[in-house]
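Structure at a glance
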Amino acid sequence: MSWGNNIFFMIEEKCMRFASFSLLEKFHIHRLEMYGIPVPRYALVNRDFPNQELDYFVEEEDFVEVHGNRFWKPFVEKPVDGDDHSIMIYYPSSAGGGMKELFRKVGNRSSEFHPEVRRVRREGSYIYEEFMPTGGTDVKVYTVGPEYAHAEARKSPVVDGVVMRNPDGKEVRYPVLLTPTEKQMAREVCVAFRQAVCGFDLLRCEGRSYVCDVNGWSFVKNSYKYYDDAACVLRKMFLDAKAPHLSSTIPPTLPWKVNEPVQPSEGLTRQGSGLIGTFGQSEELRCVITIIRHGDRTPKQKVKLKVTEEKLLNLMLKYNGGRPRAETKLKSAVQLQDLLDATRILVPRTRPGRESDSEAEDIEHAEKLRQVKAVLEEGGHFSGIYRKVQLKPLKWVKVPKANGEGEEERPTEALMVLKYGGVLTHAGRKQAEELGRYFRNNMYPGEGTGLLRLHSTYRHDLKIYSSDEGRVQMSAAAFAKGLLDLEGQLTPILVSLVSKDSSMLDGLDNASIEIKEAKARLSEIITSGARAVYTSGEPDKPWMVDGAGLPANASELLPKLVKLTKKVTEQVRLLAKDEDEELAEANSYDVIPPYDQAKALGKTNIDVDRIAAGLPCGSEGFLLMFARWRKLERDLYNERKGRFDITQIPDVYDSCKYDLLHNAHLNLEGLDELFKVAQLLADGVIPNEYGINPWQKLKIGSKIARRLLGKILIDLRNTREEAISVAELKSNQDNSSAATSTGKEDTDYHTKSHSRIEGSRRTSFTSDMSMDQDDDDDKETKYRLDPKYANVKTPERHVRTRLYFTSESHIHSLMNVLRYCNLDESLQGEPSLVCDNALERLYKTKELDYMSYIVLRMFENTEVALEDPKRFRVEMAFSRGADLSPLERKDSEAASLHQEHTLPIMGPERLQEVGSYLTLEMMEKMIRPFAMPAEDFPPPSIPQGFSGYFSKSAAVLERLVNLWPFNKHGNTNGK
């Protein structure tokens, strides 16, 4: 093929961009598919006129279906009109819903989020594609002939829509390394479109790469490297065509680049951050692993009632496939709307009188239905993040079939369980965002701007994991917003940057028996007034006793707790009664609109109008507030049996703290006194629910956090192996005296170093702690800064960050393993990972409150031999989170925080003595007995499109690299 004729083809392509875009898009996609280049899954919806109804197009709450192909949200909607650059991304209701509009850059913005938009457009023709989660990064690839490809990464407009610009006003981009497979894709794009100078967009998603757009005639905006390389490529093209005898004799490098000195790397100096810090300037931060509890939330609630109403039973059958004995879970907007419609019909329009005791059960049933209705109506719309309903059949009868042939079962009674509440508050969002900013400024010492500089130059390997709970996911998104200095709503950040892993960060099932035993023993200690029993023989260590932290007069505090709870409940009942009467006369929401949870997701301020109107903060009305307190009163003490339920103490404490912080304007008498009593009891009950003594705490903790502990060891091990590989390669490079004098060796270094790092890490991954299916190296090595022309001081520096957002149970469990691991029989004689001073502080801390966290930072001492155990050191710290009492401080700062309904997060505290040295080797030894072994993790699935790259030998890699013969001479540093 003659590349000299390509200018005519380019002109043809440019003209086609003004023709029917659907034809051009089809043309592009067919060409890509013909050459085997991966593209996102797509479907075309073609309309002849606006709002045309199409038989093959179906839209539901969380998906669209085109010709039977279903696209679940999030999905992408692109206009087929080439002049329309308005691209939409629609988000699922489980993430808060809404739509993000992408557009050509206007000022410093390239997208806008619209939380209220949930339906797709119908005024034109559109292409629907699967949304590709890329970790918030896009890759732009530029070819100059089929043998050269330069790649640059930039922040994706999907994240927050803010364009990163340099002082000259140019969009910030950094050169990154392409994999051999991606280089082959670049070659195929170049050949497929018969275009030497060509640009295209690449999406890297879970180990695979996809071409999502071919731009045609396109140049790099601002890169000396690219134009140096392009000059070399074009010179070789001309020489090959007109003077082939000279092509092999002229050096492939530019004349003025031959003797250019290599810029040396500079060491990094640690700055004090309030943590233990570093031991000398030879240490470099390599890894930050943090386990974080979610932020401030509303109290978690549950309504249980047995239903026999035909409408509710029919609804259950509708959504369980007509199976009379199968349970049904209702979470989607359509399902919950059906339930609300049925409930509205069933709820009595007026409250019945209470004269007849025989009607007590019917009255309670009606009240529960009224509560269900109120819960479903709050918030202005539905989302699976906030509430869910379970319908489980209990009784059945035989009835004749509709066709008269035989009988069939039909349910006559079902148990309805509605779970709601536990929603991240505006204070929780603010706490998470503030903590993210703190981490950005304090956990990553380095090149002036610290983390942001590392992250923007692709030397920061960040992954964020969350449990399945909505409050935890949103805490993770808010933290990421502060950590990376993002803007806008949380839903796009959540979908782009946060991965859910419920198996690692959710649930107590593995330790349910032990937890039940601990609670039974705890109840016995409290109600009997039994004295503490020292199980270690060391009375100077009060944390070693059964029931450590329980107040001595716990049994005397229980009746007081019940009495004060009744007092508060009665006051809320009167407020609910007044609200009910007002709603009967006139809808108060005519003046105060309902609280919209979706619009609140990105806000960190209170709803001033509701507070001024004397309403409860957030989405809770007085009816639901009363239901919350009445349930606490009933569950805390069973008057008929005369029995206390100590497991309700944490719930009473949560409700007290929530109302003191968010509903202080309601002036509930006795609430502050109730809080003090509940706090005394909760400080003893909560830690002991996860084990009544250190041995039981260790057993329960290892069962709950087993998978998380295994993942932490994988993170540390992979970081170490990668650091060693880089150090070895750097040493080999330094020992090669002529390595930088010729372009060939230079590029061989980059090619081989990348392959060797990847190979070494894959070897470690598959043989050591290899079975990390969610964080396998195939997916980890997405973006690597190209060290040449990168314009950074330390291009080799690479920091791995893993953030795990979870709930109270996992924070307590992990901490219990860290501080008591030495009690295991296999580790007898070893000291605790946590020093005695920190053990005492933890004992006095009691509660690990909202936004509490445990942070592990691993440092590498580059002056120590690679085989020396002291090469890698682990530093441990923790924070109590927002554990200040709403009543604790009365100064001006506290008044300001109370006005904003939030509490400050306590700073990190040391878990080790200053000057102590915990090697990675010792950390692994102490943790391994309680961590999930590598072989128990499911094996990572090799992505289909990358099977050759990740499973073939180094020889295959070299052959792939050799497809780019010009790359062998060091001029294609963007490859």
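Residues numbered from 1 in each chain as written. Predicted model: local features only at pLDDT ≥ 70, side-chain atom pairs only at ≥ 80, totals over all residues. Heavy atoms only, no water.

Identification of the protein chain as Inositol hexakisphosphate and diphosphoinositol-pentakisphosphate kinase from Sesamum indicum is taken from an unreviewed UniProt entry. Listed under Sequence similarities (unreviewed entry) in UniProt, the entry text for the protein chain is "Belongs to the histidine acid phosphatase family. VIP1 subfamily." In its Subcellular location (unreviewed entry) section, UniProt records this for the protein chain: "Cytoplasm, Cytosol". (UniProt positions renumbered as here; feature names shortened; annotations may be inferred.)

Throughout the structure, instances matching the rule amount to 56 salt bridges. Residue Glu-860 pairs with Arg-286 through a salt bridge whose shortest N-O separation is 2.5 Å. Highlighted residues: Glu-860 in strand β25 (residues 853-861) and Arg-286 in strand β15 (residues 283-293), separated in sequence by 574 residues. Exposure remark for Arg-286: the relative accessible area of 12% places this residue in the buried category. For Arg-293, the salt bridge is made with Glu-808, and the minimal N-O distance between the two is 3.8 Å. Residue Arg-293 is found in strand β15, and its partner Glu-808 is found in helix α25 (residues 808-820); the two are separated by 515 residues along the sequence. The burial state of Arg-293 is the same as that of Glu-808; both residues are buried. The network of salt bridges with shared partners includes Lys-105, Asp-138, Arg-154 and Glu-171. (Salt bridge = Lys/Arg side-chain N within 4 Å of Asp/Glu carboxyl O. Helix = DSSP H or I, 4+ residues; strand = E, 2+ residues; numbered from the N terminus. Buried < 20%, exposed > 50% of the residue type's maximum accessible area, 1.4 Å probe, protein only.)

This part covers helix α11 (residues 470-483). Compared with an ideal rise of 1.5 Å per residue, which puts 14 residues at 20 Å, α11 spans 20 Å between its outermost C-alpha atoms and is within 8% of the ideal. The buried count for α11 comes to 14 of 14 residues, which makes it a mostly enclosed element. Downstream of α11 by one or two residues, Asp-485 has phi in the positive range, about 60°. (Expected span 1.5 Å × (residues − 1).)

Our focus in this paragraph is the sheet that holds strand β8 (residues 109-114). Read from one edge of the open sheet, 6 strands run β1-β9-β5-β6-β7-β8, paired in antiparallel fashion. Every interior strand has two partners, whereas the edge strands, β1 (42-45) and β8, have only one. Here the strands of the sheet are splayed against their neighbours by 20° on average, with no regard to which way each runs. Relative to strand β7 (residues 99-106), strand β6 (residues 87-90) is paired through 4 bridges, and the arrangement is antiparallel. By the bridge assignment for β7, Tyr-90 is matched with Met-99. (Pairing = 2+ DSSP bridges. Axes fitted to C-alpha atoms, helices over the stretch in contact; angles between N-to-C directions.)

Moving on, we get to the confidence of the model for the protein chain. Per-residue confidence for the protein chain averages 78 on the pLDDT scale, and 76% of its residues sit at or above 70. Every residue in residues 940-975 scores below 50 in pLDDT, and together they form 106 contacts with partners more than four places removed in sequence or on other chains. (pLDDT = per-residue confidence, 0-100. Contact = heavy atoms within 4.5 Å.)

Per the counting criterion, the structure on display carries 13 cavities of 30 Å³ or more. Size it by volume and the second largest cavity reaches roughly 210 Å³. Considering the residues around the second largest cavity, the lining is formed by 19 residues, among which Pro-687, Lys-697, Arg-819, Leu-842 and Tyr-843 are closest to the centre. Contributing elements (two or more residues each) for the lining of the second largest cavity: α20 (671-688), α21 (694-704), α25 and α26 (836-845). A total of 4 residues in the lining of the second largest cavity trace back to one element, the largest contributor, which is α25. When its residues are assigned to classes, the lining of the second largest cavity shows 11 nonpolar, 5 polar and 3 charged. (1 Å grid on protein atoms, 1.4 Å probe; cavity = no way out; pocket = protein on both sides within 12 Å on 5 of 7 lines; lining within 4 Å. Points joined across faces, edges and corners; volume = space filled by probe spheres on them. Nonpolar A, V, L, I, M, F, W, Y, C, P; charged D, E, K, R; others polar.)

As a further point, take the sheet that holds strand β21 (residues 498-500). The strand order across the open sheet built from 7 strands is β21-β20-β24-β15-β25-β26-β27, with neighbouring strands paired in mixed fashion. Two strands bound the open sheet, and with one partner strand each, they are β21 and β27 (909-910). The pairing of strand β20 (residues 460-466) with strand β24 (residues 799-806) spans 7 bridges and is classified as parallel. Following the sheet pairing, Leu-462 is matched in β24 by Thr-801. Running at roughly 60° to strand β26 (residues 872-879), helix α28 (residues 920-927) makes contact with β25 and β26 of the sheet.

A cluster of acidic side chains, namely Asp-81, Asp-83, Asp-84 and Glu-123, defines a negative patch on the protein surface. One can find Asp-81 in the loop between β5 (75-79) and β6. Look at Asp-81 and you get partly exposed, because its relative accessible area is 44%. (Patch = residues over 30% accessible without salt bridge, like charges linked within 9 Å, V, L, I, M, F, W, Y side chains within 5 Å. Areas by Shrake-Rupley, 256 points an atom, 1.4 Å probe, with all protein chains shown as cover. Lys, Arg positive; Asp, Glu negative; His and termini not counted. Charge placed at Lys NZ, Arg CZ, Asp CG, Glu CD.)

Next up on the list: the pairing of β25. Successive side chains on a regular strand alternate, one facing one side of the sheet and the next facing the other. Among the 9 residues in β25, 9 count as buried, and that is most of the element. Sheet topology places β15 next to β25; 9 bridges connect them, and they run antiparallel. Across the sheet, Ile-292 pairs through a bridge with Tyr-853, a residue of β25. Relative to β26, β25 runs antiparallel, the two being bridged by 8 bridges. Among the inter-strand pairings, Met-858 is bridged to a residue of β26, identified as Val-874.

So, about unusual backbone geometry. With an omega of 5°, the peptide bond running from Lys-73 to Pro-74 counts as cis. With respect to the element layout, Pro-74 can be found in the loop between β4 (69-72) and β5. In this structure, Arg-194 is a non-glycine residue whose phi angle is positive, near 50°. Positionally, Arg-194 belongs in the loop between α3 (180-192) and β13 (197-205). Residue Arg-194 is classed as partly exposed on the basis of its relative accessible area, which comes to 34%. In this structure, Met-851 takes a positive phi of about 65° despite not being glycine.

Glancing now at the packing of helix α14 (residues 512-528) against α21. Taken N-terminus to C-terminus, the directions of α14 and α21 make an angle of 150°; their axes are 9 Å apart at the nearest point. Pair α14 / α21 crosses with left-handed handedness. Between α14 and α21, the contacting residues are Glu-514, Ile-515, Glu-517 and Ala-518 on the first element and Gln-696, Lys-699, Ile-700, Lys-703 and Ile-704 on the second. Along the lines of polarity and charge, the residues of the contact of α14 with α21 split into 4 nonpolar, 1 polar and 4 charged. (Left-handed = near helix turned anticlockwise from the far one by under 90°.)

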